[in-house]
Amino acid sequence: MNTYKITLTPLNRYFFGGDMTFKVEGKKEYNEQYGSYIIRSNRFPQQTSLLGMLRFLILSNDGQAFDREKNKIADKNRAKELIGATSFCVNSSNYQENDFSCIKQLYPCFLELTADGKTIPLLPTPDDYGYQIHLDTAHSVSVNLQFSALPIVHGYTPKATKQQYYLGSSQAIPVDELFIEDSRIGINKDYQGITQTDDAGLYKQIFYRLGNEKYEGKLHFACYADITDIDLSNYNGSIVNLGGDNSKFLFKAILVEKAEPITYNSDYNDNGKTRQTESDVRYKLVLLSDAYLPLQMGEDRPWSYAISTIVPFRFISTQIEDTENYSILSPKNLRSKKYYLYKKGSVFFCKDDSEKDKLKEVLESASCFRQIGYNYFQIFKLNLITNTNKAI
């Protein structure tokens, strides 16, 4: 098995779809669930999109499996040998791994900056960035019938908008210098040139470009992948589609010894010395990727306090046997049910080893999510002598 570092450089603006799309004529039920006249790109691709891009890249470059002239699968058995019989799916009973044949493991996607001949990985500031967290054990609060110490967040101002940054190599870069909005606004007309009368005639679509004047041309997306039987570097220089609206990226893969974990420095928080005491939380867990927590209904949460965000997550399910095309509107390509993931950068505070071990176990138990780059995390432990957190 070989490990590759994959980089994807956008050739223009890009659009990574979310839960909503524009309305589609004749698709009433679809429009009621997903249709809107304003849609916004996500900043990052879903891990399922990266998986789909990689599966199609491998498939379409095999002359036996794929007919480029007809743009369809020619030998389905050969296709299964290359990329597995199905796309990503979730077995909710045990969350077992999927079989993608030569693609064994994907790791979390991250943003990378090239400067002075070096590459610098960038991670979004964790949700506790700039805050001091203290748990007042003299008072307690109840959330969903579960009691815990009263959290006090020093530095939080409810009326102030918190600036978002990306951290890398001892620098904090504002997010609006890295991801630049590119809006398309207009009115659709029918074939007779008449403006449509309903909301479908109006639209606003927000794309992104990477980098302002200072960082333009210096940014790309990156991830690691474990691959067998295929040399990904053979595809270097390929133009791949990723996301919607014909978003194109330059593909490059470099063979490396192992996947390098992209993690935070222990002192990432500029208020690192918190007011914690021996009675406070001993651990905090920071998500390095979006994560699904398969907790059972009524089960106590394995953390004392969290600063977190959840995001909706859907994916398209396909099977080699009946795949005709990869359009979201194809009746054979089904949208999954909606899941909710905890967003990358969410922070969970655990009061003791029991909570920390349980949360770690729950995150790692969702094997199918881990397999494609979700559910990755970093754990910090409080040093009671120096009153600082250290990565473990």
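Structure first, text after, so check above.
Engineer: Sorry, what's going on with helix α3 (residues 76-83) here?
Structural biologist: Among the residues making up α3, those that are buried are A79, L82 and I83. The buried residues of α3 all sit within an arc of 70 degrees when viewed along its axis, so they share a single face. More than 90 degrees from the buried face of α3, the exposed residues found are N77 and E81. Against the buried residues of α3 lie α2 (47-60) and β4 (72-73). With a side-chain oxygen lying 3.1 Å from the backbone nitrogen of N77, the N-terminal cap of α3 falls on D75. Note on α3: the residue one or two positions beyond its end, G84, has a positive phi of about 85 degrees.

Engineer: What am I meant to see in the side chain of Q47 here?
Structural biologist: Within the secondary structure, Q47 sits in helix α2. What makes Q47 buried here is its relative accessible area of 5%. With residues up to four places along the chain from it excluded, the contact list for Q47 reads L106, Y107, P108, C109, I372, G373 and Y374.

Engineer: For this particular structure, what's the right way to read the packing of aromatic side chains?
Structural biologist: Centre-to-centre distance and the angle between the planes together describe a pair of aromatic rings. Across all of its chains, the model carries 37 aromatic pairs by this definition. Taken together, a centroid distance of 4.9 Å and an interplanar angle of 25 degrees make the contact between Y292 and F369 stacked. Here Y292 is found in the loop between β17 (283-287) and β18 (305-307), whereas its partner F369 is found in helix α6 (residues 367-371), with 77 residues between them in sequence. You'll find Y292 and F369 in the same group, each marked buried. Here the aromatic rings of Y305 and F349 are separated by 5.9 Å at their centres, their planes lie at 25 degrees, and the arrangement is stacked. Of this pair, Y305 sits in strand β18 while F349 sits in strand β23 (residues 347-350), and the two are 44 residues apart along the sequence. These aromatic residues form a ring-pair network of at least three members: Y14, F16, F44, Y166, F179, Y208, F221 and F249. Between K284 and the ring centre of F380, over which it is positioned, the NZ or CZ distance is 5.6 Å.

Parameters and conventions
- Residues numbered from 1 in each chain as written.
- Predicted model: local features only at pLDDT ≥ 70, side-chain atom pairs only at ≥ 80, totals over all residues.
- Heavy atoms only, no water.
- Buried < 20%, exposed > 50% of the residue type's maximum accessible area, 1.4 Å probe, protein only.
- Helix = DSSP H or I, 4+ residues; strand = E, 2+ residues; numbered from the N terminus.
- Arc of directions from axis to C-beta.
- Contact = heavy atoms within 4.5 Å.
- Polar contact = N/O pair within 3.5 Å; in protein donor to acceptor, adjacent residues only side chain to side chain.
- Phe/Tyr/Trp six-rings, centres within 6.5 Å; stacked < 30°, edge-to-face > 60°.
- Lys NZ or Arg CZ within 6 Å of the ring centre and 35° of its normal.

Purely geometric stuff here, so don't read any function into it on its own.
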